[in-house]
Structures are given as structure tokens and as C-alpha cells.
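# Descriptive analysis of the structure
Read off the chains here:
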Amino acid sequence: MIAIILIALMFFFLVLNFPMVVAMVASPLVILYFYMTNMDMLMASQQLIAGVSSTVLLSVPMFILAADIMCAGQTTKRLLDLVQTFVGHISGGMAITTAAACTIFGAISGSTQATVVAIGKPTRGRLSELGYSDGASSALIISSAIIALLIPPSISMIMYAVVTGSSVGDLFIAGVGPGIFMFLCFAVYSFFYAKKANIPKLKKATWAERGVALKKAILPLGFPVIIFAGIYSGIFSPTESAAIAVLYALILELIIYRSIKITDLYRISLSTAVVTCAVFVLVAGGQLFSWVISYAQIPQMITAIVLGSDPSALRILVTVTVFFFVGCMFVDSLVVIIIISPIFFAPAMAAGIDPIHLGIVITLQAAIGSISPPFGCNIFTACAIFNKPYVTIVRGLPPYIIMCILITAVVILCPQLSLFLLG
């Protein structure tokens, strides 16, 4: 009964057009006040604070700040120019360039929305000039941007680590294989799509031009190298890598390229603060929501109904995939990770599933959810920055969603795709 009332209250607030955080905080507060009268209401505020008290979360605002600094500077353009000189001349070269640039920038920002903004603005015009429709180019950009959640650093992985106590460093490393695999799938699709649609090829760059582009992009390429190598070798922690990313971005854009000024840092920092506040408020609300449903033993009821008494590892992973895929279609993926991960984590561990493998499967569903109608966050980000209607943005998404579902099946059936770098 409590579970039905809680969900009904949440949808009630959402239907009345209240912000997500209001629905997440008000619903459990109502349950506490009317149905858990033995609980002190002050415990709700303690849970809100506990939700954002993890030291791992310190890396979130720093990775966002590093991405904002690079978006304001020259990093994006230099990365695009480099990739284009090497693959622009083949069929679908510009589309492959876009996917590759999203992958590289994702290894810097960890945010799909930041990647849509940073890569989408300069590439969409180039794609249109070659004959790509609005729907095709928009779908390519927002789909390629989700690779940012799999390639380290990833904000979704950080959230999963906070909720389950898993190693952030191991999650970062494990995401590399699936992330590269997703890029290759998108690149192959782009190649055949361009051939079928008779998209013209770009002029082949000379090795001299490639050398110039590489020289200009060598320092931006240092971002993923420093972050990955530092974490993999144990020189610094994931949280420390975020601070290093900010320092590196400042040195690059402020001192070496001089693409931003000191006076710009206030505006950039303010933008970071707004995004960080939105993320942390959702995390705090998610902690309270998760605490209430745990106290009401709702997770145990759900797992008993959908998993049975002795579920296999495959059944758990498939169930997790369905729950997260559907949840992320309607609610922000961070909220879904915070609320649903604890429900399935214990049964998954009991079934012998590696927590890192489980985290990659969940992160992959969060990525797919960000491009899945009706409420994928990347869709609305693209509508805003491209100034295009919703229908135009979602028109070209089905092939990418199908590919992502097939990638999920491969990741579930082949755990070593995620775990091979961990030894």
C-alpha cells in the first residue's frame, strides 16, 4: 500500500508540473508524516544531507567545471579538426568524425549534455552542408554524446559508486571497452548510411595537414591520457583526477591558447555552479526517497515479485536492464541510479555478479535513457541548442536505440568486454 501511495504521490506532483526535486522530496515526506508516525521528521533532513556528504561527489563539480572551461575555449575545435583530417575522406567521414569527437570529449567532461553542446554546435552545420537531414544529424550528435557516460570520467558511474560503495577507479577503467565498442558500432552504421544516402566525401587531407592538426590537438588529447593513466597507475584518485583536469583546462585555455580571459572565469564558474546545484539537489532528494522505500521494505517486495526466490545472474541482469531502461525514459538517470540501484544490488551480489560489471550495465542503460523518448535529457538539450522541434530531434533515433539495445546484450553476455582491463 505504501509503495502505491508513494508512486501515486510522485506522479501527482509531476502531473501538476512541479519540478522533479519537489516530487522526490515531498512524496516521502508525506509518507513519513502520515504512515511512519514513529519516525522523527528530523531524520528526513539528515538523509538529505547524507545524500551529498560523500567525498566522491567532490569530483562532480570539478569535472563539470573542466568541461565548461573547454567549451568556452578552443579544445573542441582542435579535436574536431584532428579527427576530420584522418577520417573525413571516407564514406560517412564527417559523421564518424562527430562520433569520435564525442568519444574524446566524453573522456574529458563525463557529461552527455556538455558533449551535445560542445560537439553539436560546430558539427551540425558541417553535417547539414554535406546533405544530412536535421533528424539524421541531430540523432547522430545526441546518440554519440552518450558515449561520455561510458568513457571515464562519468558522472553516472560516480553516482553508482556513491550508492553501492563500488570503486570509482575500477568503474572508470571498465567503461573504456564498452565505450569504444559503442563508437565502433556508430562508425560502421555511419559508413553504410552515408553510402546509402549518397553523402559526399570530404577532400582527403595530406599528411602535412594531418601533422599540423595533430600538433594543434596534442595538448587537448592530454586530458584523457592524464586522467586514465593517473587512475590506472594509482598516482591519484578519481577525485584528485577531477582537480587535475580543472588545472589542466585552465593552463591550456587561459595561459597557452589564451582563448578565455580571467574575467570569463566568473561566468564559467557560475554556469558550473548552476548545473552542480541541480545535480546535488537531485542526489539529496534521491537519498531521502531511497531511504523511505528501504525502511518500508519496498525493495524486498519488488525483488521477491520480479526475481523470485533464487534468480540466476542472467535473469537479474535482464531485469535490471528493463527497469533502468524504462525508468530512464521518464526520469533523470541520476535519480534512477540512486533509487533503483540499491534494490537490485544485494540480489546481484548474491548471484555472483561482479559489482563493476553491474555498474557498467546500469550506466549503459542510463546512457540509452538520455536519448529515449519521451523524456530523454539529450533530446531536450538538442531542442534548445539547435532550436528544432521535438519531433525533428527524435525522428532519426530508432537505429541508434536499437544498436544500443544490441550493445547491452553483448555487454551482459560478455562480461570481459567490461572487465578485461581490470585483470
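Residues numbered from 1 in each chain as written. Predicted model: local features only at pLDDT ≥ 70, side-chain atom pairs only at ≥ 80, totals over all residues. Heavy atoms only, no water.

### Looking at the layout of surface pockets
Counted as a void, the largest pocket has a volume near 1000 Å³. As for the largest pocket, its lining consists of 37 residues, and the residues nearest its centre are Met 10, Phe 11, Gly 327, Phe 330 and Val 331. Secondary structure elements with two or more residues in the lining of the largest pocket: α1 (2–15), α15 (264–295), α16 (298–307), α17 (313–330), α18 (333–350), α19 (355–369) and α20 (377–386). For the lining of the largest pocket, the per-class residue count stands at 30 nonpolar, six polar and one charged. Each pocket or cavity is described by its volume, and for the second largest pocket that value is around 660 Å³. If you list the elements that add at least two residues to the lining of the second largest pocket, you get α2 (20–35), α4 (59–72), α7 (112–129), α9 (155–164), α15 and α18. Ranked by residues supplied to the lining of the second largest pocket, first place goes to α15 with eight residues. Residues belonging to the lining of the second largest pocket are distributed by class as follows: 20 nonpolar, eight polar and three charged. (1 Å grid on protein atoms, 1.4 Å probe; cavity = no way out; pocket = protein on both sides within 12 Å on 5 of 7 lines; lining within 4 Å. Points joined across faces, edges and corners; volume = space filled by probe spheres on them. Helix = DSSP H or I, 4+ residues; strand = E, 2+ residues; numbered from the N terminus. Nonpolar A, V, L, I, M, F, W, Y, C, P; charged D, E, K, R; others polar.)

### Here we look at a nonpolar patch on the surface
Taken together, the side chains of Leu 314, Val 318, Val 322, Val 326, Phe 330, Phe 375, Phe 380 and Leu 413 define a hydrophobic patch exposed on the protein surface, amounting to about 750 Å² of accessible area. Looking at the nonpolar patch, the element that brings in the most residues is α17, giving five residues. One can find Leu 314 in helix α17. (Patch = residues over 30% accessible without salt bridge, like charges linked within 9 Å, V, L, I, M, F, W, Y side chains within 5 Å. Areas by Shrake-Rupley, 256 points an atom, 1.4 Å probe, with all protein chains shown as cover. Salt bridge = Lys/Arg side-chain N within 4 Å of Asp/Glu carboxyl O.)

### Some points on the confidence of the model for the chain
Put simply, the chain has an average pLDDT of 85, and 99% of its residues get 70 or more. Summarising per-element confidence for the chain, the mean pLDDT is lowest in α16 (74) and highest in helix α22 (residues 398–413) (94). (pLDDT = per-residue confidence, 0-100.)

### Some thoughts on the pattern of salt bridges
Using the criterion set out here, one finds five salt bridges in the structure. One salt bridge connects Asp 81 with Arg 126, and the closest N-O pair in it is separated by 3.5 Å. Placement of Asp 81 in helix α5 (residues 75–87) and of Arg 126 in helix α7 is noted, with a sequence separation of 45 residues between them. Given a relative accessible area of 26%, Asp 81 falls into the partly exposed group. Since its relative accessible area comes to 23%, Arg 126 is described here as partly exposed. Asp 264 is the partner of Arg 267 in a salt bridge, and the nearest nitrogen-oxygen pair spans 4.0 Å. Here Asp 264 and Arg 267 lie together in helix α15, a separation of three residues that amounts to about one turn. One salt-bridge network, in which partners are shared between bridges, spans Lys 77, Asp 81 and Arg 126. (Buried < 20%, exposed > 50% of the residue type's maximum accessible area, 1.4 Å probe, protein only.)

### A closer look at the packing of α7 against helix α8 (residues 134–145)
Geometry of a packed helix pair, given as the angle between the helix axes and the separation of the axes. Interhelical geometry of α7 versus α8 gives an angle of 150° and a closest axis separation of 9 Å. With respect to each other, α7 and α8 are oriented roughly antiparallel. Between α7 and α8 lies a crossing whose hand is right-handed. Taking contact as the criterion, the partners of Thr 112, Thr 115, Val 116, Gly 120, Thr 123, Arg 124, Leu 127 and Ser 128 in α7 are, on α8, Asp 134, Ser 137, Ser 138, Leu 140, Ile 141, Ile 142 and Ala 145. (Axes fitted to C-alpha atoms, helices over the stretch in contact; angles between N-to-C directions. Parallel < 35°, antiparallel > 145°, perpendicular 65-115°, else oblique. Left-handed = near helix turned anticlockwise from the far one by under 90°. Contact = heavy atoms within 4.5 Å.)

### Quick word on the state of the cysteines
A full pass over the atoms with the stated rule returns zero disulfides. Left unpaired, Cys 404 is separated from the closest cysteine sulfur, that of Cys 185, by 8.7 Å. For Cys 404, a relative accessible area of 0% translates into the label buried. (Disulfide = S-S within 2.5 Å.)

### Overview of unusual backbone geometry
At Asn 198, a residue that is not glycine, the phi angle is positive and equals roughly 55°. Looking at the element boundaries, Asn 198 is found in the loop between α11 (176–197) and α12 (207–217). Classification of Asn 198 as exposed rests on a relative accessible area of 66%. For Asn 387, which is not glycine, the phi dihedral falls at a positive 55°. Its location among the elements puts Asn 387 in the loop between α20 and α21 (390–394).

### Section: the environment of Asp 170
Checked against the element boundaries, Asp 170 lands in helix α10 (residues 168–174). Along the backbone, Asp 170 and Pro 355 are 185 residues apart, and their C-alpha atoms lie at a distance of 10.0 Å. In contact with Asp 170, not counting residues within four places along its chain, are Ile 356 and Leu 422.

### Quick notes on α22
A rise of 1.5 Å per residue sets the reference length of α22, with its 16 residues, at 22 Å; its end C-alpha atoms lie 23 Å apart and thus fit the reference within 8%. Looking only at α22, the buried set comprises Tyr 400, Ile 401, Met 403, Cys 404, Ile 407, Thr 408, Val 411 and Ile 412. Of the surrounding secondary structure, the elements contacted by the buried residues of α22 are α8, α11, α17, α19 and α23 (416–419). (Expected span 1.5 Å × (residues − 1).)

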